[in-house]
Amino acid sequence: MVAGEIRRLADSVTDSTLEIEDRIQEIQDSISRLVINSEKGASSIQSGMDVSAVTAVDLNELVQAATKTSNAAQQISLSTRQQKTASSQVVIALRDIANASTHNAQSVRDITEISEVMLSMSAELDSLVRAFQLSQSSDVNS
């Protein structure tokens, strides 16, 4: 009975891990698109792109950790003596991964907002520089 419950829990952990991996991949895809869009902006956005790259590295590490967790969960289901203790550890690890994923998702949203603000500021600065150049050109011609 305990072994069956632990096996069910391990299968559930495996399913959850795969779902986490899919979500992490979606986040990585979003980050990739963000980096491409950021490269089209002004050089002041470079710091936002650096943060995106660091986040992508962190997300890759989370995928590896989730894969390790999944493998550990499968091994736990085969070991009847350590099932209860190991299952608790897997649940804690998954909560940590979920918390880290939530934090990283918020970081990506923050980076996106910063990038949008910086793009707007860049466009405004460009407009001001053009106006200044036109103004000086008019002054020189007068």
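Parameters and conventions
Residues numbered from 1 in each chain as written. Predicted model: local features only at pLDDT ≥ 70, side-chain atom pairs only at ≥ 80, totals over all residues. Heavy atoms only, no water. UniProt positions renumbered as here; feature names shortened; annotations may be inferred. Helix = DSSP H or I, 4+ residues; strand = E, 2+ residues; numbered from the N terminus. Buried < 20%, exposed > 50% of the residue type's maximum accessible area, 1.4 Å probe, protein only. Contact = heavy atoms within 4.5 Å. Core = buried A, V, L, I, M, F, W, Y, C linked by side-chain atoms within 4.5 Å. pLDDT = per-residue confidence, 0-100. Salt bridge = Lys/Arg side-chain N within 4 Å of Asp/Glu carboxyl O.

Under an unreviewed UniProt entry, the name given to the protein is Methyl-accepting chemotaxis protein, and the organism recorded is Nitrincola lacisaponensis. Checking UniProt for the protein, the heading Subcellular location (unreviewed entry) contains the comment "Membrane".

A. Fine view of the overall build of the protein. Along the backbone of the protein there are 3 helices and 0 strands. For the protein, the α and β elements follow one another from N to C terminus as α-α-α. Taking all 142 residues of the protein together, the buried fraction comes to 27%. Once local pairs closer than 6 in sequence are excluded, the contacts in the protein between residues at least 24 apart make up 83%.

B. Quick look at the nonpolar core. Counting residues in each nonpolar core, the largest one holds 13 residues, and the members touching the most others are Ile-20, Ile-24, Ile-27, Ile-31, Leu-59, Leu-94 and Ile-97. Looking at this core, the elements with two or more residues in it are helix H1 (2-39), helix H2 (46-78) and helix H3 (83-141). Discounting chain neighbours no more than four positions away, the residues touching Leu-59 are Ile-24, Ile-27, Gln-28, Ile-31 and Asn-104.

C. Seen up close, the confidence of the model for the protein. Looking at the protein, pLDDT values average 78 and 76% of them are 70 or higher. Averaged pLDDT values for the elements of the protein fall to 73 in H2 and rise to 83 in H3.

D. Structural context of the environment of Ala-66. Mapped onto the elements, Ala-66 comes out in helix H2. Setting aside its immediate chain neighbours within four residues, Ala-66 contacts Thr-17, Glu-21 and Ile-97.

E. Local environment of the pattern of salt bridges. Summed over the entire model, instances satisfying the criterion amount to 3 salt bridges. A salt bridge links Arg-8 to Glu-5; the shortest N-O distance between them is 2.3 Å. Taken as a pair, Arg-8 and Glu-5 lie in helix H1 at a separation of 3 residues, close to a single helical turn. Arg-8 gets classed as partly exposed once you look at its relative accessible area, which sits at 47%. In this structure, Arg-23 and Glu-19 form a salt bridge, with 2.8 Å as the shortest nitrogen-oxygen distance. In this pair, Arg-23 and Glu-19 both sit in helix H1, 4 residues apart, roughly one turn of the helix.

F. Highlighting the environment of Leu-18. For Leu-18, the position within the fold is in helix H1. As for Leu-18 and Thr-67, which are separated by 49 residues in sequence, their C-alpha atoms are 8.2 Å apart.

G. The side chain of Gln-28, seen in detail. Note on placement: Gln-28 falls in helix H1. We classify Gln-28 as buried; its relative accessible area is 12%. The residues touching Gln-28, leaving out its near neighbours within four places in the chain, are Ala-56, Leu-59 and Asn-60.

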